[in-house]
Amino acid sequence: MNRFNDKTVLVTGGNSGIGLAAAKAYAAEGARIVITGRDTATLEKASAEIGKHVIALRSDAASLPEARQLGEALKQQGIRLDAVFINAGIAKFAPFAEVDEALWDQTFDINAKGAYFQIQSLLPVLNRGAAIVINGSINAHIGMPGSSIYAASKAAVISLAKTLSAELLPQGIRVNVVSPGPITTPLHGKLGFDAASLDDTVKQIQAQVPLGRFGTAEELATTVLHLTAPESAFIVGTEVIVDGGMSQL
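Residues numbered from 1 in each chain as written. Predicted model: local features only at pLDDT ≥ 70, side-chain atom pairs only at ≥ 80, totals over all residues. Heavy atoms only, no water.

(A) Fine view of the environment of Thr 12. Within the fold, Thr 12 resides in the loop between β1 (8-11) and α1 (17-28). Take Thr 12: its relative accessible area is 5%, and that puts it in the buried class. Sequence separation of Thr 12 and Ser 59 is 47 residues, and the distance between their C-alpha atoms is 8.5 Å. Thr 12 has contacts with Thr 36, Phe 85, Ile 86, Asn 87, Ala 88 and Gln 118, leaving out every residue within four places of it along the chain. (Helix = DSSP H or I, 4+ residues; strand = E, 2+ residues; numbered from the N terminus. Buried < 20%, exposed > 50% of the residue type's maximum accessible area, 1.4 Å probe, protein only. Contact = heavy atoms within 4.5 Å.)

(B) View of the packing of aromatic side chains. Applying the stated criterion across every chain, the model contains four aromatic pairs. Taking the centre distance of 4.9 Å and the plane angle of 85 degrees together, the rings of Phe 4 and Tyr 26 count as edge-to-face. Taken as a pair, Phe 4 in the segment before β1 and Tyr 26 in helix α1 lie far apart in primary sequence, 22 residues in all. Each of the two residues, Phe 4 as well as Tyr 26, counts as buried. Judged by centre distance (5.5 Å) and plane angle (45 degrees), the ring pair of Phe 93 and Tyr 150 falls under tilted. You can see Phe 93 sitting in the loop between β4 (81-86) and α4 (101-122) and its partner Tyr 150 sitting in helix α5 (residues 148-168), a full 57 residues away along the chain. Both residues of the pair, Phe 93 and Tyr 150, count as buried. (Phe/Tyr/Trp six-rings, centres within 6.5 Å; stacked < 30°, edge-to-face > 60°.)

(C) Structural view of the pattern of salt bridges. Summed over all chains, the structure comprises five salt bridges. Across the salt bridge formed by Glu 66 and Arg 58, the nearest N and O atoms sit 3.3 Å from each other. The class of Arg 58 is partly exposed, set by a relative accessible area of 46%. Linking Arg 213 and Glu 219 is a salt bridge whose minimum nitrogen-to-oxygen distance equals 2.8 Å. A relative accessible area of 36% means that Arg 213 is categorised as partly exposed. Several salt bridges share partner residues, and in doing so they unite Arg 3, Glu 29 and Glu 231 into one network. (Salt bridge = Lys/Arg side-chain N within 4 Å of Asp/Glu carboxyl O.)

This is the structure in structure tokens:
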């Protein structure tokens, strides 16, 4: 399929994990890709994996000035966007009694504030009919111990998708959310656990998934593409949950 021929797509955090899988899937369907990330080396590696028609721009999703710089850089280069996947994020878990202000600020700066102002900065370069997908999480719906800050930040962006949908519809822009359950990505090594605790946590989570396994980044990417493709033109302000039944059954 070539649903994205002659289209330009931005994927934040497109240098690894779910973002990279989505960028590759878009490229396979003919899109020109813009990816962002904080690490120059992984951006270069991701660009090589994605192939031709890719632009890699270093940008810190937690930085308001850099969010604005990204929008301005695209504008100056004459790049207009048909689809955006707001994917860059952080997931660090901690027991409620041990959460400090630094973890709160770090998580909300990237996951909520970063998403909010990144979309705002991109408005001047969005084509009419553009589609935005924000990466949420089923943690916004389930009471998983240790996830209070992360879950709250993802609940915030799920709400944001609904309010932005109403506000941006006059410009022909759709906003939706994809909320993954447990997905096998490098992010799992950044949850804040030591190796033994991480292994135990992974086993506990997997036991709660009716399908009996973690999902793949590629499986989630197919949903992201669907939500930004022409066939989903009647899907607005909606959250699509991709979790192997974990929060549903």
